[in-house]
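The residues making up each chain are set out below.
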Amino acid sequence: MHTTACQRVGASSTTTSISPLLHAMNPMLAPIPFTAAAHKSAAAGRVAARGLSASAHQCSSASTSAPPTGAAPLPRRALRTAFGAAAAGAAHGVACRAAATAAAPAAPSPATGADVEYEAVIGIECHVQLLTRTKAFCGCASEFGSEPNSNVCPVCLGHPGTLPVLNAEMVTLAVRAGLALGSDIARVSKFDRKQYFYPDLPKGYQISQYDEPICSGGRLEVEVDGVMKSFGIIRAHLEEDAGKIVYAGADRLSGADYSLVDYNRAGVPLLEIVSAPDMRSGRDAAAYGEELRRVLRTCGITDGNMSEGSMRVDVNVSVMPRGSDVFGTRVEIKNMNSFSNMQKAIDFEIERQVALLRSGRGAEIVMETRLWDEIKLVTNTMRKKEGLADYRYFPEPDLPPLTVSEDFIAAIKAAMPELPAAKRSRYQSLGLTRGDVAVLCDETATSDFFDAVLALGAPVRQAANWIQGDIMAYCKEKKCGMDGLGITPAALADMIGLIEDSTISGKIAKDVLPELLEGKGNKGVRAYIESRGMLQISDTGAVEAMIEAVLAANPKQLAEYRGGKTKLQGFFEGQVMKESKGRVNPGLMKEVLLRKLQG
C-alpha cells in the first residue's frame, strides 16, 4: 500500500497532504524549497533547530568513528565557517548540511609498539530489505529473481518530472523494528537526499534519512558463547536500495571481464540499523548479526536471506590500545554473504591492523572501504571512504515530513509477536535444554511449527526430538525450511500420539515419516498407516505364535541359550522383529520371548 502524498510549494504558502495512516503535518514544518534565496533566509533558523554538533554527525555516520560519549559541540566559529560554505554551495543549486564535518578535528592515532596490547572496536551497519510487495516510492514489484530490469518505471529510474510516493507499509515495518529493538520512535522524521555517483544509482542520489531518523537508540541482548552481552543501537532509518551490479566473465568481482547493471533492486525499501561500537571480536559481531536477524524475521520485517542480498552487513573495524578511550582509524568491510564470513573478515582485519601498528606502519591504516575475499581469506582495498560532506545531504524536497501518531504506534505495539528472547525463556521453562532451545528458536518457521504441535497436546520432549532429529534431517536433504513441509502440525501430533499409546512403534514411525512429511497422512495418520499394513502387532496370541515359530526354526541357538549363552536373547529378538517386519510391539515381544526362552 502506498500513501497518497503530494506537496506544492509556492511563494506564500505550502500545502501538505498525507493519507490517514500518516497524519497531516503542520504546513509551517514542511521542507523549505532549496533555492539559493530560500536557503539564505532559512539557514540560521535551520542550524539552530537541528542543533548540529560533532556528536550528531558521528552518530549518523559509521558507528566506530568516535567514542560513544563525551563528543563536544563544534565551536561557533567552525559552525559559521561550515554553514557559510553550505550557503555558498546553495547559490550554485546545492546545499550541503554535512559541511560542518569539515571542521571536525581528526582523532589522534593510537599508540604503537610491539609491547602494546590492543583491542578491537567494531560496529555494524545492517541493511535489511523490508517485506513489502512494492518498492519504497513507486508501484513496481519488490521481489527477487525477476528478469533483469523488468521491475522498473520512470520513478525508480529517476526520470525527470517524476515524483516519489511513500510506501506506508515500510513505515509500519520500521516502527515494528524499532519497538522490537527498544528504540525511540520519532513522531516526526524526514527524508533527505544522499548524493553520490555510481552506476547502480540511476537518480544520482539516494532517498534516505540523515539527521532525523525514524528510530533512535535501543539495545540488543545477545548470548555469545554462553555469556550474555548487551550491544547498543544508535539508530535505524528508512531509505531506498540501489541497483545491483552484475560482474560477468567470472563468478565474482575478481577476474570479471565487464559489468552489467540490474535496476530491479533500485528503489526497494531498506531499513538501515546502525549499532553502537560495542563489539570487541568477530564472534561478538556474528552473534549480534544472528540475533538481529532472528528478531527481524520473527517480526515479519525481512526474510533475512543473505545469499539473495535481503540482509547485508557492512562492518566498521578499528583497534586501540586496551583501556584507551580514543578510537583508532576505522576501516569498513563489505562483501560478506554469511555471518561465518563476517567473523573471519573481522578477525583478519583486526590482525592486519595490529600487525601494522606493531611494526611502526600505523600510517598505512587509512579510512577506506575494503572487500572481503572469501577465497583468499583476506580484505583488499576497494576505495577510500567518503566523508559526510562528500554526500552533500539536504532535505528531500519532493517528500513531506513523515508523521506518525500515537494511535498508529500503539496499534503496532499491540500486535507485536513474541520475541526470540522471550520464546527461549518460555522453552527453558518447559524443561528443554539450552541446546534444544537454541535449535528450536533459530528459525521462526521451526519454533512456529513446534508451538503448533505442542498446542495440539503432543509431549514436549517427544515433539522436540522428532523436530530436531528426523524432520530437520529431511529438511536439510530437501533444502527446504519447516514451512516448506507437506506435513501439518496436527499430523505430527497424531503420529506422536500413536507411538505413545503403542499403536505404532518408533521404528514404524521412522519408516512412515518420509511419506507423512510429503503430506500423505494429513487426512488421518492412523488410517494411512493402517492402509499400509503398518499398525503395530499388540495381540498376545499373535506375538506368541511368531515367537514359537522363530524358536522352532533355530533349535541350536535355543539350546545354547538354555545352556548359559543368555546374550543370544538379542538374536531371537531380531528374528522376531524380522518375522513381523518391524510391526511387533517391542515391550510385549520381549516379555513373551523371555518367558518362552526360559521354558
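Because the structure is predicted, anything quoted here is derived from the model rather than measured. (Residues numbered from 1 in each chain as written. Predicted model: local features only at pLDDT ≥ 70, side-chain atom pairs only at ≥ 80, totals over all residues. Heavy atoms only, no water.)

### Some details on the overall build of the protein chain
Keep this limit in mind: The secondary structure listing takes helices from DSSP runs of H or I that are at least 4 residues long and strands from runs of E that are at least 2 residues long, numbered from the N terminus. Accessibility here uses a 1.4 Å probe with only protein chains present; expressed as a share of the type maximum, an area under 20% marks a residue as buried, one over 50% as exposed, and anything in between as partly exposed. Any two residues whose heavy atoms approach within 4.5 Å at even a single point are treated as in contact. Surface accessibility follows the Shrake-Rupley procedure with a 1.4 Å probe radius. Residue values consider only the protein chains on display as shielding.
Scanning the protein chain from terminus to terminus reveals 19 helices and 19 strands. Across the 599 residues that make up the protein chain, the buried fraction comes to 47%. A sequence separation of at least 24 residues applies to 70% of the contacts in the protein chain between residues at least 6 apart. Here the protein chain displays about 27700 Å² of accessible surface, and carbon together with sulfur accounts for 54% of that area.

### Focus on a nonpolar patch on the surface
We count it as follows: Like-charged residues within 9 Å of one another, or nonpolar side chains (Val, Leu, Ile, Met, Phe, Trp, Tyr) within 5 Å, are grouped into patches, provided each residue has over 30% relative accessible area and no salt bridge. Basic side-chain nitrogens of Lys or Arg form a salt bridge, by our definition, when they fall within 4 Å of a carboxyl oxygen of Asp or Glu.
Side chains of Val246, Tyr258 and Leu260 sit close together on the surface and give an oily, nonpolar patch of about 290 Å² of accessible area. Residue placement: leucine 260 occurs in strand β12 (residues 258–262). The partly exposed category is assigned to leucine 260, whose relative accessible area is 46%.

### Considering the pattern of salt bridges
Inspection of the entire model under this criterion finds 35 salt bridges. Of the charged contacts in the structure, one is a salt bridge between aspartate 192 and lysine 190, with a shortest N-O distance of 2.2 Å. Neither residue differs from the other here; aspartate 192 and lysine 190 are each classed as buried. Between glutamate 396 and arginine 193 there is a salt bridge, and its shortest N-O distance comes to 2.8 Å. Note that glutamate 396 is positioned in the loop between β18 (394–395) and β19 (402–403) and arginine 193 in strand β6 (residues 192–195), a separation of 203 residues in sequence. Because the salt bridges share partners, they merge into one network encompassing Glu349, Arg352, Glu368, Arg370 and Lys384.

### A short note on the sheet that holds β6
Heads up, the condition is: One requirement defines pairing of two strands: DSSP has to find at least two bridges between them.
The antiparallel open sheet is built from three strands, whose spatial order is β7-β6-β18. If you trace the sheet from one side to the other, it starts and ends with β7 (205–208) and β18, each paired once. Both β6 and β18 contribute to a ladder of two bridges, which runs antiparallel. Looking at β18, one finds that arginine 193 is bridged to phenylalanine 394.

### Digging into the pairing of β6
Residue alternation in β6 divides its side chains into two sets, Asp192 and Lys194 and Arg193 and Gln195, and both sets are buried. In this structure, β6 lies alongside β7, joined through four bridges in antiparallel fashion. Opposite aspartate 192, over in β7, you have serine 208 as the bridge partner.

### Thoughts on the nonpolar core
What counts is decided by this rule: Here, nonpolar core means buried Ala, Val, Leu, Ile, Met, Phe, Trp, Tyr and Cys residues that are tied together by side-chain atoms lying within 4.5 Å of each other.
By size, the foremost hydrophobic cluster in this structure holds 69 residues, and its most contacted members are Val171, Leu238 and Met342. Top element by residues in this core is helix α6 (residues 339–358). It accounts for eight residues. Those residues in contact with leucine 238 that sit more than four places away from it in its chain are Leu130, Met170, Val171, Ala174, Phe191, Ser208, Gln209, Ile214, Leu270, Leu271 and Leu402. Counting 38 residues, the second-largest nonpolar core is a separate cluster that includes Ala458, Ala493, Ala509 and Leu517.

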